[in-house]
Amino acid sequence: MRAAIIHYWLLNMRGGERVVDALCRILPEADVFTLFYDPERVSETIRARRVTASFLNPLRRHYRSLLPLMPMALESFDLRGYDLIVSSESGPAKGVLASSSARHVCYCHTPMRYLWDLYPAYRNDWTAAGWKRALMAPLANYLRMWDYATAARVDAFVANSANVARRIWKTYRREARVIYPPVDVDSFYWKPPEDYYLVVSELVPYKRIDEAVRAFSKSGRRLKIVGHGPEWESLRGMARRNIEFCGRVPDAELRELYARSRALVLPGEEDFGMTAVEALASGKPVIALGRGGALETVPPFGGVLYPEPDESHLEAALTQLEQVEAVLHAAELQAWAGRFAEREFVRKIANLVYSSGDAGRDEAVGFRSDGGHRVR
């Protein structure tokens, strides 16, 4: 079986790229196709593969601005001769053109949120007024039609959470089975906490890191922020001296930051929330907005979920955690994290891609328009 792995872009090693890394080990002979590729910023496993980047790759420093050209770039890949296509999707990836005899499985981290559920916020709140906003409406309309149409090119959808399976049904009216993404839980460890909280995130608007910065600036609690992105400068400008921006850090340093933290803070709605699992695997509780993936990854004994995305609710959640943190047990948090171990992902994905048709499938979940759901 000749296989191809399609990923939207390989420019760092975040959650989506760790899925690709695991897919490369499940499909050891697979070729990799991607819109943008920087070999210095991905894992050795990915670098060892034959990676084909699109004609847009020379412009990868400006990849966020090239969305209108991505459909054309994806459709330019020559996938003749491949029996299996596995696309890894949260930006556009599933839109490749494959032979009618090839089986296409899409592992969906989320339908493109800036085109669907978060589009009003991008258009009205996060895009500066002027020509960009005027251009956004017709462009987004075209991209939504293309994105919806390309769902028909997929034979089977896999969602990284029940939360995302619901979005897939809402967006494409397609059922999806749920297979949680791989987390190397055994590589994380606990150490006695130091007096700081931790944020690990891309610095983009929908992650709501600004709410954490304002809350911690007001309270004076120490906060370390790991990650980079378009909001780096604006967040640093509003932060007080008790907040430290660490940028992107090596994996070993990140594990140490998790191990010594008091808790992880997740102020935005996560698709799945791999960082929450990493914190729990480090024996640390999680303070998270009680929506989306956090409802699946954070157990009742694993931290505090707060109801509304604002500073006052985050501040109340911090106070609540500090009242109960002495009775939280690191070993219980680490045991819970074990259900998201990489071996579970490998077993379920291997069973899926090496089976034919519906053989060996996990449950596929579809959500009805009346708000209920059905499991087939």
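Thresholds, definitions, all that
- Residues numbered from 1 in each chain as written.
- Predicted model: local features only at pLDDT ≥ 70, side-chain atom pairs only at ≥ 80, totals over all residues.
- Heavy atoms only, no water.
- Helix = DSSP H or I, 4+ residues; strand = E, 2+ residues; numbered from the N terminus.
- Rg over C-alpha atoms; globule rule 2.2 N^0.38 Å.
- Contact = heavy atoms within 4.5 Å.
- Lys, Arg positive; Asp, Glu negative; His and termini not counted.
- Charge placed at Lys NZ, Arg CZ, Asp CG, Glu CD.
- 1 Å grid on protein atoms, 1.4 Å probe; cavity = no way out; pocket = protein on both sides within 12 Å on 5 of 7 lines; lining within 4 Å.
- Points joined across faces, edges and corners; volume = space filled by probe spheres on them.
- Nonpolar A, V, L, I, M, F, W, Y, C, P; charged D, E, K, R; others polar.
- Buried < 20%, exposed > 50% of the residue type's maximum accessible area, 1.4 Å probe, protein only.
- Pairing = 2+ DSSP bridges.
- Axes fitted to C-alpha atoms, helices over the stretch in contact; angles between N-to-C directions.
- Parallel < 35°, antiparallel > 145°, perpendicular 65-115°, else oblique.

J.: Hey, could you run me through the overall build of the protein in this one?
T.: Of the regular secondary structure elements, the protein holds 14 helices and 15 strands. Whereas a compact globule of 376 residues would reach a radius of gyration of roughly 21 Å, the protein reaches 21 Å, a difference of no more than 12%. Principal axes of the C-alpha set define a box for the protein whose edges measure 60 × 50 × 50 Å. Counting contacts in the protein only where the partners sit at least 6 residues apart, residues at least 24 apart contribute 62% of the total. Of note, the protein has its 51 positive side-chain charges centred 3 Å away from the centre of its 47 negative side-chain charges.

J.: Help me out: how do you make sense of empty space enclosed by the protein in this one?
T.: To find leftover empty space, one rolls a probe the size of a water molecule over the atoms. By the definition in use, this model includes 1 cavity of 30 Å³ or more. Estimated volume of the largest cavity: approximately 40 Å³. Lining the largest cavity we find Val199, Val200, Ser201, Lys207, Ile209, Val265, Leu266, Pro267, Gly268 and Glu270. Mapped by element, the contributors of at least two residues to the lining of the largest cavity are strand E8 (197-200) and strand E11 (264-266). The residue makeup of the lining of the largest cavity, split by class, is 6 nonpolar, 2 polar and 2 charged.

J.: It is not clear to me how the pairing of strand E4 (residues 84-89) should be interpreted in this structure. Could you clarify?
T.: Successive side chains on a regular strand alternate, one facing one side of the sheet and the next facing the other. Most of E4 is tucked away: 6 of the 6 residues are buried. Of the two faces of E4, both are covered, the one formed by Leu84, Val86 and Ser88 as well as the one formed by Ile85, Ser87 and Glu89. Pairing geometry for strand E1 (residues 3-10) and E4, over 5 bridges, is parallel. Bridged to Ala4 within E4 is Ile85. As paired strands, E4 and strand E5 (residues 103-108) are joined by 6 bridges and run parallel to one another. When the bridges of E5 are listed, Val86 appears paired with Val105.

J.: Honestly, the packing of helix H10 (residues 274-281) against helix H13 (residues 330-337) in this entry has me stumped. Any pointers?
T.: Two measures define how a pair of helices packs: the angle their axes make with one another and the distance between the axes. At their nearest, the axes of H10 and H13 sit 7 Å apart, and the two run at 135° to each other. For the element pair H10 / H13, the angle class is oblique. Touching Val277, Leu280 and Ala281 of H10 are Leu333, Gln334, Trp336 and Ala337, all from H13. Taken together, the residues of the contact of H10 with H13 sort by class into 6 nonpolar, 1 polar and no charged.

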